[in-house]
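Secondary and tertiary structure notes
Listed here are the chains, written in short residue letters.
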Amino acid sequence: MNTVVKEYKQQKSMASDLRNIAIASAEHELIQRYGTAGSQFLTGLRGIDHETAKEFDRSLLSIAEGKLNPDYYEQNIKQQAGYSAEVASVSKRNADAIINKEAPRFARSEDTVGYGKNHSVVDIVELLDETEITSQMKFVTNKENLLKSIACGEGKSKDFSRYLSVDKLEVPTEQVSEMKAICRSEAQKLTEQSEVLKNLGKTELADKALKQAKNYEALENKITDSGLTTEEAIKYRLDPKAMVRKDIAKVSHRAGVEGLKFGVAIGGSISAVNNIIAVYSGDKEFSEAVLATSKDTLISGATGYATAASGTAIKTYMAQSSKEVLRNISKSNMPAMVVTACLSTGKSIKKYAVGELSEADLAQDIGLSVTGMMSSSMFATIGQVAIPIPVLGALIGGIVGYALTNTVYQSFFDVLKDAKLSTERRQLVEIQCEAARLLSKEYELKIKELFSYRIKELEVYSNDMFEALDSPDIDPEEFCLRMNRFAEELGTKISIKNMAELEAAMISDEPLVI
């Protein structure tokens, strides 16, 4: 791949990671809050809060193990569904209170000090400071009979008048309006009946009818939505795990919607600034910048949703882990960073799959992403402590952590890369030096061989030449031949090769050149 293109893609990927880190850091408080809310459903399902080590009287799982008499199957299911509704309702209300940052907390009476086992009046207690708001929960088919047993049941075989002492009468969602209407109708009837009886002089009966009318009026005000339908309560009894998974998914989705807003705000702002700079620097046209900002904002929104939703789910399960180390980790920004790391490593794996990264590059990319994200988690927590402003402290801490880790990690890889290059260079130089040494040795041998041979040849030709010079009877042609041969051995040539050429040169007008 072209080096410039590769560096551009790496910078773009780095910018994307930094944007994701900013979003994840900003969502720290959001994920913690929604994740803690989601964990309420796990405590209801299992009957134990691992964070506080508190065990509850009933759990959805234990209720689901209840025996069902074939002859009274429907009746048993509805009865047990009432218990499931209590547990599920407590989980839902606690989750909503945590999400909305509200103070009240809810518990079943069996799990509240002072009420004991199977309290005859109170099913659910709402705790607010030192104040307790009590509720009775009733999931029945015959609504009229239930209301009559409460308002008019005093002294009768089915006397539920004790329920008038609670603050709320919680009923299935689909029954709220109808039951309130029944209360109004009966209150009106009894009030009119009381007037008739009073006119007839039947004061005692008139007072009784009026009291019952008042009871109906009180009931209308006490009737509240339990937050569950009858069908949902039965599902919690029959398949509690599936219902809890849905509850956690709903909370995660709500977190995702809020996270989307963070993503749009942060990612969109970062993109807007970058693109404005690009326009002013002449790198982009205005229309291109607008399009790029819109695209980045959409991507950031999706990232914000995915990070918050998935991070909430991770936090939910980690917070209620039986392992303390996981519970402690869940309190950091790790859940969000896990998602961000997955987004980043997913891109690296895709690049590797299409051949844009080598195995070494993949290892480096994944290592950088994961360590960067995990470090960001730690620094986000530190940042939140140092700057106790929700979002801001975690955001700054997360980005600082990522930047520091990225710098250290990238520097580490640069050192390794340099060391690798140095090793390769050293090995190459060593090979070149060895080759030069061998070549030099070969040259040395060749030169020695050549000199040895040439010296012998020169010795022969020089002796031959000196012999010619010393001989007084040598033929002039032979003398010229020997002199020329010696000159050629020395790498030169004599212009006059014989006596005829000498005589011609002597009578010529040209300068004599030997």
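Refer to the structure printed above.
So, a few notes on the structure that sits alongside this text. (Residues numbered from 1 in each chain as written. Predicted model: local features only at pLDDT ≥ 70, side-chain atom pairs only at ≥ 80, totals over all residues. Heavy atoms only, no water.)

**Quick word on the pattern of salt bridges**
Scanning the model with the defined rule gives 16 salt bridges in all. With a closest N to O distance of 3.9 Å, Lys214 and Glu217 form a salt bridge. You can see Lys214 and its partner Glu217 sitting in helix H7 (residues 203-222), three residues apart, about one turn around the helix. Here Lys214 falls in the partly exposed class, since its relative accessible area comes to 48%. Residue class for Glu217 comes out partly exposed when judged on its relative accessible area of 34%. (Salt bridge = Lys/Arg side-chain N within 4 Å of Asp/Glu carboxyl O. Helix = DSSP H or I, 4+ residues; strand = E, 2+ residues; numbered from the N terminus. Buried < 20%, exposed > 50% of the residue type's maximum accessible area, 1.4 Å probe, protein only.)

**Re the packing of helix H5 (residues 143-151) against H7**
Taken N-terminus to C-terminus, the directions of H5 and H7 make an angle of 120°; their axes are 9 Å apart at the nearest point. When the axis of H5 is compared with that of H7, the two are oblique. Of the two possible hands of crossing, H5 and H7 adopt the one that is right-handed. In this structure, H5 uses Leu147, Lys148, Ile150 and Ala151 to contact H7, whose residues at the interface are Gln212, Asn215, Tyr216 and Leu219. Of the residues contributing to the contact of H5 with H7, the split by class is five nonpolar, two polar and one charged. (Axes fitted to C-alpha atoms, helices over the stretch in contact; angles between N-to-C directions. Parallel < 35°, antiparallel > 145°, perpendicular 65-115°, else oblique. Left-handed = near helix turned anticlockwise from the far one by under 90°. Contact = heavy atoms within 4.5 Å. Nonpolar A, V, L, I, M, F, W, Y, C, P; charged D, E, K, R; others polar.)

**Regarding the pairing of strand E6 (residues 168-171)**
Bridge count for strand E5 (residues 131-137) against E6 is three bridges, and the pairing is parallel. Considered in E6, the bridge of Ser135 is made with Lys168. Bridge count between E6 and strand E7 (residues 223-225): three bridges; the pairing is parallel. Bridged to Glu170 within E7 is Thr224. (Pairing = 2+ DSSP bridges.)

**Looking at the side chain of Gln175**
For Gln175, the position within the fold is in the loop between E6 and helix H6 (176-199). The exposure class of Gln175 is buried, given its relative accessible area of 7%. Contacts of Gln175, omitting those with residues within four sequence positions, involve Val140, Lys143 and Thr230.

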